[in-house]
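Descriptive structure summary
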Amino acid sequence: MLSRRTGRDILRLNAAAFAIRALVGAAVISAWLSSLGQGTAMRRVLAAAAVRFQCAPAGAAARGLWMSDRIRRNYPHHESSHIAWPPVAISNSDELRQEAMLGSLQALEPLYTGAFKKQAEAMEYRDSLVEDRQYSSSQIGIFAEEVSSQGQRRFFVNTYAGFAANLSLRPPGSHFYEVIAENRPCWLYFDLEFCKLANPYLDPKAVMAQFRATLSDFCAESGIQFDESTAVYFDSSTEKKFSSHVIVRRLAFENNRKAGRFVETMINYSRRVRSRDSRRDLMFVRRDLDDIEATSSVIDASVYSKNRCFRLLWQSKFGKTAVLRLQDGGSEVQASDPPAAQLLRTLASFVPESTPFVEHRFIPSDLKHEPRRNVLPAELHSQLTQILKGLMKYWDAKRSVEEGNCRHAPTSLKNVIKIKDAKYLVTLYNNRYCCQRGRSHKSHEIWFSINVSQGLLRQHCFDKDDCRRRFKQFEIPPAVLAQAQGED
């Protein structure tokens, strides 16, 4: 992890580089670089400044000095290779800088814009830039590039203006996302989707019209001021799947946990209205081909988790060809706007300072993502270890009874979180069997809450639409408890 001291060293170099840029030209810096010794501190400072100017004669050497002298030591999981961003024409970025609220003395980009393999290190670097007052927290963000079909990503730190300027010069079809950081402001955003094969009767245009009406009606009933023209709509649908994103640029939330509560309440509202008005059925779909009833909301309520990656304009998922395109920018974004401006205006995480937040009685003022402490393997006492082993075998057996022996990989322990004495939350690998559905979920996982002292097990689902009951409770099998007590 980056220490405060080394983080400030990096930022002092950044500040020095920008100051030199104001005093001398790129040609002078190149001349000084050629006359100074390889190891001098002044050469390193000037090399950093040359990167800031994009000074071609000194660029390669400057980048090498920077990487070797600072980043390699402070960020062990950074990547030495950089994305070949097209050069940004700084002279043409004044309007973008102004819209992103960058000051006249602030650099368009931080000194280091390379990749981090670890999200935590990217966050540490972002925080150090803010703490040293190089940028405010509303000016700089974290971005991710998907690099494998398994969801592996690498992370970048940049100003919103700088990243938008760079990405706008790349052709469509890359795999970049913004990271909606925990406990940071965001605009209201939605992810809408359904399987067209499982819902052949649904017209996507009719579904979107019903979504617009539901959002407007819900805001009106809740006393929340909503202007339809400030909603921006995107589409990346295919022949098999309907997929749309929505960002409402005049409804900001203190964090995406609060945005998620707004969306959960809106989904519950749509269920109530549906019971009175059958025309609202368009808000509910069949998730899979074998679903009998349309009980799942077209709104995906799972995209409000910690540090959520949300796909950017003109980007596709890794291994896919469907690109997220602007469908209706309302009064906020026009297809004729410069590409960098379109990107900046479609970021859910770019919320300028002093933007008022949505407040309502159904959103607790202190609602946020709470840190939870993972239980390390060494902290699992022998009785709990035996109970977990027994429960994994028990859940394997329940799945086999319902689905047959389909050569599933054995269930294994993914994570254990201790919430109170003798109470734990448990997630699993290789088992999504849900007792509420009577079969395994295809994409969503399950989790357990275990009360060891009472001998109770509750199975929960992350899929709140398909499994509207909060949990299904069981007694921990006596044989499992007996074996655990014998081992203790």
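Provided above is the structure to which this section pertains.
What comes next concerns the included structure. Because the structure is a prediction, the values reported are computed rather than measured.

Digging into the side chain of Gln 459
Position of Gln 459 among the secondary structure elements: in strand β18 (residues 456-461). A polar contact is formed between the side chain of Gln 459 and the backbone nitrogen of Cys 435, at a distance of 2.9 Å. If we ignore the near neighbours within four places in the chain, the residues touching Gln 459 are Trp 395, Tyr 433, Cys 434, Cys 435, Gln 436, Ile 446, Trp 447, Phe 448, Phe 471, Lys 472 and Phe 474.

Some thoughts on the sheet that holds strand β8 (residues 241-253)
With respect to topology, four strands assemble into an open sheet ordered β6-β8-β7-β12, the strand pairing being antiparallel. Every other strand in the sheet has two partners, leaving β6 (186-195) and β12 (325-328) as the edge strands with one partner each. For this sheet the average axis-to-axis angle between neighbouring strands, irrespective of direction, equals 30 degrees. As paired strands, strand β7 (residues 231-235) and β12 are joined by three bridges and run antiparallel to one another. Bridging across to β12, Tyr 233 finds its partner in Asp 328. Against the sheet, helix α9 (residues 256-276) touches β6 and β8, its axis set at about 50 degrees to β6.

Some remarks on unusual backbone geometry
Positive phi values are uncommon outside glycine, yet Arg 133 reaches one of about 65 degrees. By secondary structure assignment, the location of Arg 133 is in the loop between α6 (119-131) and β3 (140-146). The phi torsion at Trp 314 lies on the positive side, around 70 degrees, for a residue other than glycine. Counting through the fold element by element, Trp 314 comes out in the loop between β11 (308-311) and β12. Using a relative accessible area of 18% as the deciding quantity, one classes Trp 314 as buried.

Regarding the nonpolar core
Within the largest apolar cluster, 89 residues are counted, with the highest numbers of intra-cluster contacts made by Phe 190, Phe 211, Leu 215, Phe 262 and Ile 299. Ignoring anything within four residues of it in the chain, the contact list for Phe 190 reads Phe 211, Leu 215, Ser 244, His 245, Val 246, Val 248, Phe 262, Val 263, Met 266, Ile 299, Tyr 304 and Phe 310.

Thoughts on the packing of aromatic side chains
On inspection of all chains with the given rule, the structure shows 21 aromatic pairs. Taken together, a centroid distance of 4.9 Å and an interplanar angle of 25 degrees make the contact between Phe 194 and Phe 242 stacked. On the criterion of sequence distance, the pair formed by Phe 194 in strand β6 and Phe 242 in strand β8 is long-range, its members being 48 residues apart. Take Phe 194 and Phe 242: they sit in the same class, and that class is buried. Considering the side-chain rings of Phe 218 and Phe 362, the 5.9 Å spacing of their centres and the 35 degrees angle between planes classify their relative orientation as tilted. In this pair, Phe 218 sits in helix α8 (residues 204-222) while Phe 362 sits in the loop between α10 (339-345) and α11 (382-403), placing the two residues 144 residues apart along the sequence.

Topic: the side chain of Asp 191
With respect to the secondary-structure elements, Asp 191 resides in strand β6. No salt bridge forms around the buried Asp 191; measuring N to O, its nearest opposite-charge neighbour Arg 308 is 5.9 Å away. Not counting residues up to four positions away in its chain, the partners in contact with Asp 191 are Ser 244, His 245, Val 298, Ile 299, Asp 300, Val 303 and Phe 310.

Brief notes about the pairing of β8
The two faces of the sheet receive side chains in turn, since in a regular strand these alternate between them. Along β8, eleven of the 13 residues are buried, which leaves the element largely enclosed by surrounding structure. Bridge count between β6 and β8: ten bridges; the pairing is antiparallel. Paired with Trp 187 across the bridge in β8 is Ala 252. Bridging between β7 and β8 involves five bridges; their strand directions are antiparallel. Residue Val 232 lies in a different strand from β8, and its bridge partner there is Ile 247.

Examining the packing of α8 against α9
The contact between α8 and α9 brings their axes to 10 Å, and the two run at 105 degrees. With respect to α9, the element α8 is oriented roughly perpendicular. The segment α8 lies against α9, with Phe 211, Thr 214, Leu 215, Asp 217, Phe 218, Cys 219 and Glu 221 engaging Phe 262, Thr 265, Met 266, Tyr 269, Ser 270 and Arg 272. Classifying every residue of the contact of α8 with α9 by side-chain character gives seven nonpolar, three polar and three charged.

With respect to the pattern of salt bridges
Going through the model one piece at a time under the given rule, you end up with 16 salt bridges. With its nearest N and O atoms 3.0 Å apart, the salt bridge here joins Glu 332 to Arg 249. Of the two residues, Glu 332 sits in the loop between β12 and α10 while Arg 249 sits in strand β8, which places them 83 residues apart along the sequence. For the pair Glu 332 and Arg 249, one class covers both residues: buried. When the shortest N-O distance is used, the salt bridge between Arg 274 and Asp 281 registers 2.7 Å.

What about the sheet that holds strand β13 (residues 412-420)?
The strand order across the open sheet built from five strands is β13-β14-β17-β18-β19, with neighbouring strands paired in antiparallel fashion. Strand pairing shows two members of the sheet lacking a second neighbour, β13 and β19 (472-475), which therefore form its edges. Pairs of neighbouring strands in the sheet enclose a mean axial angle of 25 degrees, with direction left out of account. The pairing of strand β14 (residues 423-429) with strand β17 (residues 446-451) spans five bridges and is antiparallel. Paired with Tyr 424 across the two strands is Ile 450, which belongs to β17.

The rules behind the values
- Residues numbered from 1 in each chain as written.
- Predicted model: local features only at pLDDT ≥ 70, side-chain atom pairs only at ≥ 80, totals over all residues.
- Heavy atoms only, no water.
- Helix = DSSP H or I, 4+ residues; strand = E, 2+ residues; numbered from the N terminus.
- Polar contact = N/O pair within 3.5 Å; in protein donor to acceptor, adjacent residues only side chain to side chain.
- Contact = heavy atoms within 4.5 Å.
- Pairing = 2+ DSSP bridges.
- Axes fitted to C-alpha atoms, helices over the stretch in contact; angles between N-to-C directions.
- Buried < 20%, exposed > 50% of the residue type's maximum accessible area, 1.4 Å probe, protein only.
- Core = buried A, V, L, I, M, F, W, Y, C linked by side-chain atoms within 4.5 Å.
- Phe/Tyr/Trp six-rings, centres within 6.5 Å; stacked < 30°, edge-to-face > 60°.
- Lys, Arg positive; Asp, Glu negative; His and termini not counted.
- Salt bridge = Lys/Arg side-chain N within 4 Å of Asp/Glu carboxyl O.
- Parallel < 35°, antiparallel > 145°, perpendicular 65-115°, else oblique.
- Nonpolar A, V, L, I, M, F, W, Y, C, P; charged D, E, K, R; others polar.

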